[in-house]
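Letter by letter, the chains look like this.
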Amino acid sequence: MENIRNFCIIAHIDHGKSTLADRLLEFTQTVQKRDMQAQLLDDMDLERERGITIKSHAIQMDYLYQGKKYVLNLIDTPGHVDFSYEVSRSIAACEGALLIVDAAQGIEAQTISNLYLALGQDLEIIPVLNKIDLPGAMIEEVSDQIIDLLGCKPDEIIHASGKEGIGISDILAAIVERIPSPEGNPEAELQALIFDSSFNSFRGIEVIFRVFNGRIRKGDKVKFVATGKQYEADEVGVLRLDKEPREFIGAGDVGYIISGIKEAKEVKVGDTITHVARPTPLIVKGFEDVKPMVFAGIYPVETSEFEELRASMEKLQLNDASLVWEPETSAALGFGFRCGFLGMLHMEIVQERLEREFDMTVITTVPSVQFHCYLTRGEMIKISAPSEMPDPSLIDHIEEPFIKAQIISKSEYVGSIIALCMDKRGIIKNQIYLTSDRVELSFDLPLSEIVFDFFDKLKTISRGYASLDYELIGFRESNMVKLDIMLNGEKVDALSAIVHRDKAYDWGKRLCEKLRELLPRQMFEIAIQAAIGQKIIARETVKAMRKNVLAKCYGGDISRKRKLLEKQKKGKKRMRQVGNVEIPQEAFMAVLKLE
Ligand code: GDP
Ligand code: MG
């Protein structure tokens, strides 16, 4: 155990975590040159396409340092706020963290929030000033920022470039020298913490754990404490570039187990694995529950695929512990699931993963935050979908979630940032100059105003310089109303939204206009209306299609007719028929892009 080091790499998004991980893997010859590719640990297609890390990835390296062999377990983590739950779980498996700061960007909002997560678990922090190769690197200035933040000495900061391979051996030396080896007793009862899992269609469910005490051996009878289920350890091993089976995984180490788990529900991250015969009296403290920020319905495009969608959601949840869901029904869309997400990016990723990894075609409905609705008869109900909103006569008042937003930016953008936040019903709370031209602003803002397009706007007005972090601070009374959308007189519950009264008219009008552009023309006219209660506040019309596509081959060639129909059917993917109107997926998302 004395030769094991467990560490994660944390930073603000794009500061170079995954690239630095590549260099560590190369330097320790964990990966051969020919297998090397940029951001190797981002092995999901989605991660590679988008150039971001979505999942934490654990990998083990061997490292020879001053004649002694060390085992280093590295966990690369995502930087985006929506995936901070991944970071907090990874941290629980480590004794130390590399805190990477981009020398051209300086400290940003998630540098601070991820650092606090790590300090909360008492991790040893190794500050790394990265990208020093960049012409715009502000080495002294950013070093000062790091010293201010951590209270460390200048010579504790390692200067590095993941791209150029500078500082890599210094980092490895610091990992061995500064990060404590794990504590724990290899002879004690088995106590292992589950911090990740995934579904593999060939091998079934794989569970990733960190052993704190004891050891887990192939063939052992083990028990998952929270669920009480028992299994035989069919295979245990370590996470190298591929999974490598071992005879046992001992205290202090990170590994995986495959054990004939039948259902995704049986695995909970944060659960403890122990032996059936000699259970541990120590239960590793589990993880805090996820607090979803945005809710939306996910429905199969084909209503018959509901059960398949359920199975896919369960499998996806194995690999994404921050996804929460329960079944719901919509008058317009039938059976589906109400899901909670950590943000819009998370929601987008879930939809994409369902489609790519599980071959499902789904519709996601208008996202919403969760409101607290106080009824006149005294009780409070939580509503996260317009359809759950009670009749206005029954409502005493509604409270909406507020967040505290921390924005760090160059000082020249302060004016526009304040204007943006005011427009979003924000209240400025504080303004601190970190250096002469870097400002930290804090605001209280309604969550509903920031989850959708706030971040993009912030980036635009600050030319990419502002960074944002936020946390929930509670609920405040707000004048929220339900805005209904009707197509040919029929309410489409999946298109309605809960909005602030001051913004309702404007919203209704713009949403109707947007829908007019997005709804495909049909054989008949479509009336689009927005209403609050009985009152229509906006109306648009989609004109009828002039010619029947089939009329072209009237009476003629059957095969051509069939082809045409098939083509139309293909075009129908991601469309849902509501009443007599077909609604494409974009329509449900239109609310997010109202400009
Ligand atoms: P992550 O989001 O923290 O994992 O960051 P990535 O490793 O994905 O890198 C983000 C971007 O910065 C990529 O375009 C990298 O090529 C680039 N990058 C990473 N490290 C360096 C570095 O040391 N120097 C320079 N110039 N660019 C880097
Ligand atoms: Mg990354």
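Residues numbered from 1 in each chain as written. Chains lettered and ligands numbered in written order. Predicted model: local features only at pLDDT ≥ 70, side-chain atom pairs only at ≥ 80, totals over all residues. Heavy atoms only, no water.

Peer 1: An account of the coordination of the magnesium ion (ligand 2) is requested, with residue identities and associated values reported.
Peer 2: Around the magnesium ion (ligand 2), the protein contributes the donor atoms Ser18 (OG) and Thr53 (OG1), at 2.1 Å from the metal centre. Of this pair, Ser18 sits in helix H1 (residues 17-27) while Thr53 sits in the loop between helix H2 (45-50) and strand E2 (57-65), placing them 35 residues apart in sequence. Given the relative accessible area of 9%, Ser18 is considered buried. (Donors = N, O, S within 2.8 Å, 3.2 Å for Na, K, Ca; no water. Helix = DSSP H or I, 4+ residues; strand = E, 2+ residues; numbered from the N terminus. Buried < 20%, exposed > 50% of the residue type's maximum accessible area, 1.4 Å probe, protein only.)

Peer 1: Quick one: what's the story with unusual backbone geometry, residue by residue and with numbers?
Peer 2: The residue Gln29 is not glycine, and still its phi comes out positive at about 55°. Mapped onto the elements, Gln29 comes out in the loop between H1 and H2. Judged by its relative accessible area of 60%, Gln29 is exposed. Positive phi values are uncommon outside glycine, yet Asp359 reaches one of about 60°.

Peer 1: Go over the domain arrangement of the protein, please, and point to the residues and values.
Peer 2: With domains assigned, the protein is organised as domain 1 (4-178), domain 2 (191-275), domain 3 (294-367), domain 4 (372-478) and domain 5 (482-593). Look at where the C-alpha atoms of domain 1 and domain 3 centre, and you get two points 33 Å apart. With 14 residues of domain 1 in contact, the opposing surface of domain 3 contributes 14 residues. Between domain 1 and domain 3, roughly 1200 Å² of surface is buried when both sides are summed, and carbon and sulfur atoms account for 59% of that area. Taken as a group, Leu46, Arg50 and Asp82 account for 44% of the area that domain 1 buries against domain 3, more than any other trio of residues on that side. Applying the counting criterion to the domain 1 and domain 3 interface returns three salt bridges. Residue Glu348 is joined to Arg50 by a salt bridge in which the shortest nitrogen-to-oxygen separation is 2.9 Å. The interface formed by domain 1 and domain 3 includes seven residue pairs in polar contact (both at pLDDT 80 or more). When contributions to the side of domain 1 that touches domain 3 are tallied by element, the ones reaching two or more residues are H2 and helix H3 (84-91). When residues in the side of domain 1 that touches domain 3 are grouped by element, the largest group, four residues, is from H2. (Domains from an automatic or database assignment. Contact = heavy atoms within 4.5 Å. Buried area = accessible area lost by both parts, 1.4 Å probe. Salt bridge = Lys/Arg side-chain N within 4 Å of Asp/Glu carboxyl O. Polar contact = N/O pair within 3.5 Å; in protein donor to acceptor, adjacent residues only side chain to side chain.)

Peer 1: Can you break down the nonpolar core residue by residue, with the values?
Peer 2: Within the largest apolar cluster, 85 residues are counted, with the highest numbers of intra-cluster contacts made by Ile407, Ile417, Phe454, Leu487 and Ile583. Judged by nonpolar contacts, the second largest core, of 32 residues, contains Phe7, Ile9, Leu40 and Ala173. (Core = buried A, V, L, I, M, F, W, Y, C linked by side-chain atoms within 4.5 Å.)

Peer 1: Describe the site of ligand 1, naming the residues involved and giving the relevant values.
Peer 2: The environment of ligand 1 is formed by 15 residues, the closest being Asp14, Lys17, Thr19, Asp133 and Gly162. Lys17 is positioned such that a nitrogen or oxygen atom in its backbone is 2.8 Å from an oxygen atom of ligand 1. With respect to ligand 1, the side chain of Ser18 contributes an N or O atom lying 2.9 Å from an oxygen atom. Considering ligand 1 on its own, with 580 Å² of exposed area, one finds that the protein chains cover 82% of that surface. Among the elements that take part in the shell around ligand 1, H1 stands out by supplying three residues, more than any other. Grouping the amino acids of the shell around ligand 1 by side-chain chemistry returns two nonpolar, eight polar and five charged. (Near = heavy atom within 4 Å. Areas by Shrake-Rupley, 256 points an atom, 1.4 Å probe, with all protein chains shown as cover. Nonpolar A, V, L, I, M, F, W, Y, C, P; charged D, E, K, R; others polar.)

Peer 1: Talk me through the layout of surface pockets; I want residue IDs and the actual numbers.
Peer 2: Any empty space left between the atoms is revealed when a probe the size of a water molecule rolls over them. Here the largest pocket is characterised by a volume of approximately 1500 Å³. Lining the largest pocket we find 49 residues, and of these Ser84, Ser88, Ser113, Tyr116 and Leu117 sit closest to its centre. Taken together, the elements giving at least two residues each to the lining of the largest pocket come down to H3, helix H4 (109-120), helix H5 (139-150), strand E23 (395-410), strand E24 (427-435), strand E25 (438-446) and strand E26 (467-478). Looking at the lining of the largest pocket element by element, the count peaks at eight residues for H4. Lining the lining of the largest pocket are residues from two domains, each supplying at least three of them: domain 1 (4-178) and domain 4 (372-478). (1 Å grid on protein atoms, 1.4 Å probe; cavity = no way out; pocket = protein on both sides within 12 Å on 5 of 7 lines; lining within 4 Å. Points joined across faces, edges and corners; volume = space filled by probe spheres on them.)

Peer 1: So, the state of the cysteines: which residues are in play, and what are the values?
Peer 2: The term disulfide refers to a covalent linkage connecting the sulfur atoms of a pair of cysteines. This model, assessed by the stated rule, comprises zero disulfides. Looking at the unpaired Cys94, the closest cysteine sulfur is the one in Cys8, lying at 4.1 Å. Overall, the relative accessible area of 7% leaves Cys94 in the buried class. (Disulfide = S-S within 2.5 Å.)

Peer 1: I'd love a proper account of the UniProt feature "binding site: GTP" (unreviewed entry) in the protein, names of residues and values included.
Peer 2: Mapped onto the present numbering, the UniProt feature "binding site: GTP" (unreviewed entry) falls on Asp14, His15, Gly16, Lys17, Ser18, Thr19, Asn130, Lys131, Ile132 and Asp133. A polar contact is formed between the side chain of Asn130 and the backbone oxygen of His15, at a distance of 2.9 Å. Position of Asp133 relative to the elements: it lies in the loop between strand E5 (124-130) and H5. A relative accessible area of 31% means that Asp133 is categorised as partly exposed. Dropping the residues within four chain positions of it, Asp133 is found in contact with Ser161, Lys163 and Glu164. (UniProt positions renumbered as here; feature names shortened; annotations may be inferred.)

Peer 1: Requested: an account of helix H9 (residues 414-423), with residues and values cited.
Peer 2: Of all the residues in H9, the buried ones are Val414, Ile417, Leu420 and Cys421. Buried residues of H9 fall within an arc of 125° about the axis and therefore sit on the same side. Tucked inside the fold, the buried residues of H9 contact E23, E24, E25 and helix H11 (454-461). Arg425, located one to two residues past H9, shows a positive phi value of around 65°. (Arc of directions from axis to C-beta.)

Peer 1: Give a detailed account of a negative patch on the surface, specifying residues and quantitative values.
Peer 2: Taken together, Glu140, Glu141, Asp144, Asp148, Glu412 and Asp437 make up a surface patch of like negative charges. In this structure, Glu140 sits in helix H5. When its relative accessible area of 66% is taken as the criterion, Glu140 is described as exposed. (Patch = residues over 30% accessible without salt bridge, like charges linked within 9 Å, V, L, I, M, F, W, Y side chains within 5 Å. Lys, Arg positive; Asp, Glu negative; His and termini not counted. Charge placed at Lys NZ, Arg CZ, Asp CG, Glu CD.)

Peer 1: Hey, could you go over the side chain of Asp253 for me, with residue numbers and the actual values?
Peer 2: Take Asp253: it is sitting in the loop between strand E14 (248-250) and strand E15 (254-258). Within the local environment of Asp253, its side chain forms a polar contact with the side chain of Gln60, the two groups lying 3.3 Å apart. Those residues in contact with Asp253, other than ones at most four positions away along the chain, are Ile4, Gln60, Val71, Asn73, Phe209, Arg210 and Val211.

Peer 1: Could you give me a rundown of the sheet that holds strand E20 (residues 362-364), with the residues and numbers involved?
Peer 2: Reading across the sheet, the four strands line up as E18-E19-E17-E20 and stay open at both edges, with antiparallel pairing between neighbours. The strands lining the two open edges of the sheet, one partner per strand, are strand E18 (324-330) and E20. On average, adjacent strands in this sheet sit at an angle of 30° to one another, irrespective of strand direction. In this sheet, strand E19 (residues 334-341) lies alongside E18 in antiparallel orientation, the contact comprising seven bridges. Within E19, the residue paired with Val324 across the bridge is Gly340. (Pairing = 2+ DSSP bridges. Axes fitted to C-alpha atoms, helices over the stretch in contact; angles between N-to-C directions.)

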